[in-house]
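Survey of secondary and tertiary structure
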Amino acid sequence: MADARVEEPRPDPATGPSEALLAEAGLRFEVDGAIATITLDRPERRNAMTFATWRGLASIGESLPAGVRVVVVRGEGPSFSAGIDLGMFSGGAQAGDAFPDGADAEATDAFIAGLQAGYTWLRRPEIVSIAAVHGHAIGGGFQLALACDIRVIADDTKFCMKEPALGLVPDVTGTKPLVEIVGVNRALELCLTARTVLADEAARLGLAEHVVPRDALDKTVGELTTALLAINPGAAVATKRLILEAPTNTLEEQCAAERREQIGRLRELFGAQNA
């Protein structure tokens, strides 16, 4: 069945997504100075995700205030996210969240791209995104954690790429970072068995930068955020651009990129006094 939802109005960058949109998406969004916090807020469903969730995440990205430097993504209740809401397979989720049947390939491609937009903005150079993960992070929840720059996970975390077991593929941007982190062979094994990866293995595989006791998760994320905000903002953005380019650049290209970014930093730091 093709998706027949009415297109939501684009969020106003001055005000952000509406409360109604966030409520439908099962999200909370708070900004405190340079820190934005996105909370998956369907604890009664272990923060299971609907298409509205992913569209809500995209709306937050479209209207993120310019002064935000760190974005923290967390889950309310016992889990980060149990992944896709299985009610959508039987039409039991929110209205307008029926699966497209793929008959119109162009329309379905655009539909999925709209969902992916809820994840891709978390990689923008002007922010650092942190996934604060506890409990289950399944499917789309695992991919949301992978979309973030840094993962701080509690020792009760359980990662799983569930989509192939449901007859689907991971399609909200998770396959690229997974392969980049664990390699092709391990990524195949994790996806095609849909097995659970516990916190200690996640750390060994590089899927988490920090593993902490559950009751230390918020404190650790807070300390990390403070450390990130202590870095010069322009240098942080330029350095993230360099790091994002590095995997696909040749050494010569990366050297040129470093020179380009450093010229920009020198102009900002010393250009005014030499003008």
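In case you missed it, the structure is sitting above this.
A brief look at the structure comes next. (Residues numbered from 1 in each chain as written. Predicted model: local features only at pLDDT ≥ 70, side-chain atom pairs only at ≥ 80, totals over all residues. Heavy atoms only, no water.)

Moving on: the overall build of the protein. Summing up its helical and strand segments, the protein has ten helices and nine strands in all. For a compact globule of 275 residues, the expected C-alpha radius of gyration is about 19 Å, and the protein comes in at 19 Å, within 12% of that figure. When the 275 residues of the protein are sorted by exposure, 43% land in the buried category. Excluding contacts between residues fewer than 6 apart, the proportion of contacts in the protein whose partners are at least 24 apart in sequence is 73%. Accessible area for the protein stands at about 13700 Å²; split by element, carbon and sulfur atoms hold 57% of it. With 26 positive and 38 negative side-chain charges, the protein shows a separation of 4 Å between the mean positions of the two kinds. (Helix = DSSP H or I, 4+ residues; strand = E, 2+ residues; numbered from the N terminus. Rg over C-alpha atoms; globule rule 2.2 N^0.38 Å. Buried < 20%, exposed > 50% of the residue type's maximum accessible area, 1.4 Å probe, protein only. Contact = heavy atoms within 4.5 Å. Areas by Shrake-Rupley, 256 points an atom, 1.4 Å probe, with all protein chains shown as cover. Lys, Arg positive; Asp, Glu negative; His and termini not counted. Charge placed at Lys NZ, Arg CZ, Asp CG, Glu CD.)

So, about the sheet that holds strand β4 (residues 128–133). With mixed pairing, six strands are arranged side by side in an open sheet as β1-β2-β3-β4-β6-β9. Because the sheet does not close on itself, it has two edges, and the strands there are β1 (27–32) and β9 (210–212). Strand-to-strand, the axes of this sheet are offset by a mean angle of 15°, without reference to chain direction. For β1 and strand β2 (residues 35–40), the ladder comprises six bridges, and the chain directions are antiparallel. Its bridge partner being in β2, Asp32 is matched across the sheet by Ile35. (Pairing = 2+ DSSP bridges. Axes fitted to C-alpha atoms, helices over the stretch in contact; angles between N-to-C directions.)

Taken together, the side chains of Asp101, Asp104, Glu106 and Asp109 define an acidic patch exposed on the protein surface. The exposed category is assigned to Asp101, whose relative accessible area is 52%. (Patch = residues over 30% accessible without salt bridge, like charges linked within 9 Å, V, L, I, M, F, W, Y side chains within 5 Å. Salt bridge = Lys/Arg side-chain N within 4 Å of Asp/Glu carboxyl O.)

Now for the sheet that holds strand β7 (residues 158–160). One open sheet accounts for three strands, arranged β5-β7-β8; its pairing is mixed. The open sheet terminates on both sides in strands that have one partner only, identified here as β5 (136–138) and β8 (197–198). In the sheet, β7 pairs with β8 via two bridges, with the strands oriented antiparallel. Within β8, the position partnered with Phe159 by the bridge is Val197.

Summed over all chains, the structure comprises three aromatic pairs. An angle of 45° between the planes, with centres 5.9 Å apart, marks the rings of Phe51 and Trp54 as tilted. Here Trp54 and Phe51 lie together in helix α2 (residues 51–62), a separation of three residues that amounts to about one turn. An identical accessibility class is assigned to Phe51 and Trp54; each is buried. The rings of Phe51, Trp54 and Phe111 are connected pair by pair, giving a single aromatic cluster. (Phe/Tyr/Trp six-rings, centres within 6.5 Å; stacked < 30°, edge-to-face > 60°.)

Honestly, it's all geometry; don't read function into it.
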